[in-house]
Amino acid sequence: MTIRLFNTLSNSVEDLEPSDGETLRIYVCGPTVYDYGHIGNFRTFLQLDVLRRFWKQQGHKIKQVMNITDVDDKIIRNAAAAGVPIEEYTAKYERAFFEDLHALGCEQPEIVARATENIPQMVDLIRRLEAKNLAYQTPDGSWYFRIAGFPEYGKLSKKDFSAINDGARVDLDEYDKDSARDFALWKAAKPGERHWDVSLGSGRPGWHIECSAMALRYLGESFDLHAGGEDLMFPHHENEIAQSESATGKTLAYHWMHVKFLLVNGQKMSKSEGNFFTLRDLLLKGYKASSIRFLLLSVPYLHPLNFTIEGLKDSASAVDRMRTFAKRIRGGGWAAGLNKELEAQTIRAQQEFTAALEEDLNTSEARAAIFELVRGGNSAADSGQLYAGNITTIEETLRRFDEVFAILEDRDAEISRGALEWARADGRGDQAAPELLAAYSLSDQQIDALVAEREQARRTRNFARSDSIRNELAALGIVIEDSKEGARWKRK
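What counts, and where the lines are drawn
- Residues numbered from 1 in each chain as written.
- Predicted model: local features only at pLDDT ≥ 70, side-chain atom pairs only at ≥ 80, totals over all residues.
- Heavy atoms only, no water.
- Pairing = 2+ DSSP bridges.
- Helix = DSSP H or I, 4+ residues; strand = E, 2+ residues; numbered from the N terminus.
- Phe/Tyr/Trp six-rings, centres within 6.5 Å; stacked < 30°, edge-to-face > 60°.
- Buried < 20%, exposed > 50% of the residue type's maximum accessible area, 1.4 Å probe, protein only.
- Lys NZ or Arg CZ within 6 Å of the ring centre and 35° of its normal.
- Contact = heavy atoms within 4.5 Å.
- Right-handed = clockwise from strand over helix to strand, strands pointing away.

1. Description of the sheet that holds strand β14 (residues 262-264)
Strand order across the open sheet formed by three strands is β15-β14-β16, with mixed pairing between neighbours. Because the sheet does not close on itself, it has two edges, and the strands there are β15 (267-268) and β16 (305-307). Relative to β16, β14 runs parallel, the two being bridged by three bridges. Among the inter-strand pairings, Leu-263 is bridged to a residue of β16, identified as Asn-306.

Following this line, the structure appears as structure tokens:
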């Protein structure tokens, strides 16, 4: 099976194939660890998680490199304001990033590459560019890339840079201007700033050289796929191409994947607009990690996603519907036989699920195929038309669905409790929603004990106590579900 994916470089949908015929080599621009990650950041990493999970499900190998930018303008500025060394400052946010990635069910990349651990590789790359007269040093000791020496500059972003102002420079790591200017490769040390003493002079790397050096080190001079958010297309990815291909004379990445922006209530996410959310913000408001994951995967990566609280509530209902159906199927007790119509629907759902993801990772259609199976399966069960012979195929379809979407296993309580513990330790306990505080005022063991007490009360026909316990737990957002196998509970 072949996955077809839109290639930003060619502006067309193309087959995604490993150049060595065996292992797909991917470089993903990871976080700049200067603060907690927001949900727009995580949309990109979740879409990449779907790609790698589906790729592996098809029986293929993968080697994914994710960088950690642990030195740049923002980090230096924020660490100085906090009065701590950048290593201490970034360690906190790198740890938080991987905790959040785990909370959202993302697999770990095979290689995590930190900028500060790859300084020698950056120096070597700059020297290679210097040898080709494409890197030059300015009087203050900084080094810049001469973009006039790379005629293809702009081929990724499709911007017209025909009127390049040769020699105009910019030393900011991030900039929004469409005008092309020479960008910093190595920044001369400033008083009190973290720096490295290398042959280029005392200083620290520019942002763009970091990714080029690490991609070349861990994946070679050419690799299969480079991915990131669409905000990185220019200048970051454009600059990566210019540096790397100037140095090697080879194509950096054959395929480029860019995930579209996330909007909040139809607007760009902004702290000044009051619509800026980190994952931790949402967890403290009482929303579940599984609901957030499923919502961020509800729209294909090539389309903007409009994030709303109403959409998040709908996502929670969708996750609950999927989990309830999976439990129902596993419940057993089905009569012997086979519903041939449902069997055909199940096989069709599995085929449509796979076909949707093969064609440019259409997560919306993939979800729809499985929801249609859930509807059909529940309808058959309600009418006594679901038989033991249908269970194996349904379970296999749900397994394949969850290998990619990863929402059926309920880890929400563990993650929400962890967010609450973090908030208390970080002095943010007052930011937790009252409903969240109430839901976790009892431990799982205490809830189990109350549910067992309720069962005993029901057996002894002490219905007043039984109802009292149910109401007590309901007030804490804990729902008891009675079944012939006994009582189960869950947090809303």
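2. Details of the packing of aromatic side chains
Aromatic rings in a pair are described by how distant their centres are and how their planes are angled relative to each other. Overall, the coordinates contain 17 aromatic pairs when judged by the stated rule. Between Phe-42 and Phe-45 the ring centres are 6.3 Å apart and the planes differ by 65°, which places this aromatic pair in the edge-to-face class. With Phe-42 and Phe-45 both in helix α1 (residues 39-57) and three residues apart, the pair spans about one turn of that helix. Since its relative accessible area comes to 0%, Phe-42 is described here as buried. Judged by its relative accessible area of 9%, Phe-45 is buried. Relative to Phe-307, the ring of Phe-277 lies with its centre 6.1 Å away and its plane at 50°, an arrangement referred to as tilted. Pair noted here: Phe-277 is in the loop between β15 and α7 (279-284) and Phe-307 is in strand β16, with a separation of 30 residues, a long-range link. Relative accessible area serves as the criterion here: at 0%, Phe-307 is assigned to the buried category. Through pairs of rings, three or more aromatic residues link up here, namely Phe-294, Phe-353, Phe-371, Phe-401 and Phe-405. In this structure, Arg-194 packs its charged tip against the face of Trp-196, placed 4.1 Å from the ring centre. In this structure, Arg-367 packs its charged tip against the face of Phe-294, placed 4.0 Å from the ring centre.

3. Some thoughts on the side chain of Glu-193
In this fold, Glu-193 is placed in the loop between β9 (182-188) and β10 (196-198). By relative accessible area, which is 13% here, Glu-193 ends up buried. Other than its neighbours up to four places away in sequence, Glu-193 contacts Ile-76, Ala-188 and Arg-204.

4. Digging into the pairing of strand β4 (residues 61-68)
Burial analysis of β4 places six of its eight residues in the buried class, the great majority of the element. Both strand β3 (residues 23-28) and β4 contribute to a ladder of six bridges, which runs parallel. Residue pairing across strands places Arg-25 opposite Lys-63, the latter belonging to β4. This β-α-β element, β3 to α1 to β4, shows right-handed connectivity. Where β4 lies against strand β5 (residues 111-114), four bridges are found, and the strand directions are parallel.

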